[in-house]
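Spelled out, the chains give:
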Amino acid sequence: MGPPGAGKGTQAQVVAARYNIPAISTGDIFRKNVSEGTELGLEAKRFMDAGEYVPDSVTNLMVRNRIDEEDAAKGFLLDGYPRTLAQVDELDGMIAFTGHKLDAVVVLAVDSEELVRRLTARAETEGRTDDTEDVIRRRQEVYAEQTEPLIEVYRGHGILLEIDGAGEVDEVTGRIFDALDEIQES
Ligand code: AP5
Ligand code: MG
């Protein structure tokens with residue numbers, strides 16, 4: 001978890017590689033569908049371009065199908081899911097069915113000025129249609145309203161790892177690995 005630009009996608013790749021599991025990014029799956037012009041992509045695009053969340057019903061079904069794939073059988077890392085309280089409940093139901101359990105929820109904390117710096121820099125190179133000033137602001141609001149409350153939920157479950165997301169990519173990775181190693185030992 002973490003606000004837009006916190007480094008979820010960047011760190012997800014490295015962490016998933018370390019555990020030899022797939023990194024499942026709902027944002028990436030939506031963007032792939034948009035670029036391929038699928039029905040799901042068309043549905044998702046209008047929400048994404050406005051900085052709003054895609055409806056839970058659409059997102060939940062997509063994740064359910066993805067974690068049913070063979071490569072996720074021995075575990076997986078979710079990037080950007082769950083993001084709403086309804087998604088938390090839905091995920092609990094999915095993994096009760098597949099026999100997985102959540103080992104950890106990593107939340108990356110980065111101050112808002114740095115977030116805007118990262119996303120405006122990315123806008124110049126990658127051209128993501130939601131990396132405009134207005135939409136970045138809306139994505140931050142939606143995160144604060146709908147996703148930040150999940151931090152307390154997972155703290156209550158005792159699986160929350162709060163990581164300082166500032167500094168070099170490698171430094172942040174080191175902090176995440178250390179925190180994950182600690183729960184593995186305990
Ligand atoms: P999503 O794709 O998840 O976007 P996001 O949450 O806005 O986050 P970003 O991908 O922009 O940032 P990130 O935290 O991954 O950071 P990154 O590593 O890229 O979601 C997009 C949209 O899809 C949503 O708005 C919604 O519409 C929809 N959606 C997705 N999931 C959904 C769900 N569950 N329910 C409903 N709707 C959903 O890093 C950002 C930049 O900073 C990069 O350029 C990177 O190179 C750079 N960077 C990373 N780390 C560092 C560092 N340590 N120092 C300097 N630069 C860094
Ligand atoms: Mg991302």
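Before any of the text, the structure's been laid out above.
What you see is a predicted model; the values in this text were computed from it and never measured. As a convention, each chain's residues are numbered from 1 in the sequence order in which they are written. Naming scheme: in the order in which they are written, chains are lettered from A and ligands are numbered from 1. Owing to the predicted nature of the model, reporting of local features is limited to residues with pLDDT of at least 70; listing and counting of side-chain atom pairs is limited to 80 or more, with chain, interface and lining totals taken over all residues. Calculation of side-chain values draws on the structure's entire complement of heavy atoms; hydrogens and water are dropped beforehand.

On to the packing of aromatic side chains, then. Where two aromatic rings form a pair, the distance of their centres and the angle of their planes describe that pair. Pairing of aromatic rings covers Phe, Tyr and Trp, the last through its six-membered ring, and needs centres within 6.5 Å; plane angles under 30 degrees mean stacked, over 60 mean edge-to-face, and all others mean tilted. In total, this model carries zero aromatic pairs according to the counting rule given. Positioned above the aromatic ring of F177 is the side chain of R18, whose terminal nitrogen or guanidinium carbon lies 4.0 Å from the ring centre. Consider the ring centre and the ring normal. A charge sits over the ring if Lys NZ or Arg CZ is within 6 Å of that centre and within 35 degrees of that normal.

Further remarks concern the packing of helix α1 (residues 8-19) against helix α9 (residues 169-185). Where α1 meets α9, the closest approach of the two axes is 10 Å, and the angle between their N-to-C directions is 45°. On the basis of their axis angle, the class for α1 and α9 is oblique. Here α1 and α9 pass one another in a crossing that is right-handed. Across the interface between the two elements, T10, Q11, V14, V15, R18 and Y19 of α1 pack against V169, V172, T173, I176, F177, L180, D181 and Q184 of α9. Per-class residue counts for the contact of α1 with α9 are eight nonpolar, four polar and two charged. Working convention: axes come from line fits to C-alpha atoms, limited for helices to the stretch in contact. Angles between N-to-C directions cover 0 to 180 degrees. The helix and strand labels rest on DSSP assignments: H or I over at least four residues marks a helix, E over at least two residues marks a strand, and numbering proceeds from the N terminus. For classification purposes, an angle smaller than 35 degrees is called roughly parallel, one larger than 145 roughly antiparallel, one from 65 to 115 roughly perpendicular, and anything else oblique. Helix crossings get a hand from a simple test, with the near helix turned counterclockwise from the far one by less than a right angle marking a left-handed crossing and a clockwise turn marking a right-handed one. Contact definition: two residues touch when any of their heavy atoms are within 4.5 Å. Each residue gets one label: Ala, Val, Leu, Ile, Met, Phe, Trp, Tyr, Cys and Pro are nonpolar, Asp, Glu, Lys and Arg are charged, and the others, such as Gly, are polar.

Attention now moves to the site of ligand 1. Any residue with a heavy atom lying within 4 Å of a molecule or strand is counted as near it. For ligand 1, the set of nearby residues contains 30 residues, the closest of which are T10, T26, E52, R83 and R122. Polar contacts here mean pairs of N or O atoms no more than 3.5 Å apart (in protein, one a potential hydrogen donor and the other a potential acceptor; neighbouring residues in sequence count only if both atoms are side-chain atoms). Q87 is positioned with one of its side-chain polar atoms (N or O) 2.9 Å from a nitrogen atom of ligand 1. Between a nitrogen atom of ligand 1 and a side-chain N or O atom of R118, the distance comes to 3.4 Å. Bound to the protein, ligand 1 loses 87% of the 1,000 Å² it would expose on its own. Listing elements by their share of the shell around ligand 1, those giving two or more residues are α1, α2 (26-36) and α6 (112-126). Residue contributions to the shell around ligand 1 peak at four residues, all from α2. Class assignment for the residues of the shell around ligand 1 results in 10 nonpolar, 10 polar and 10 charged. Per-residue and other accessible areas follow the Shrake-Rupley method at a 1.4 Å probe size, with only the shown protein chains counted as cover for residues.

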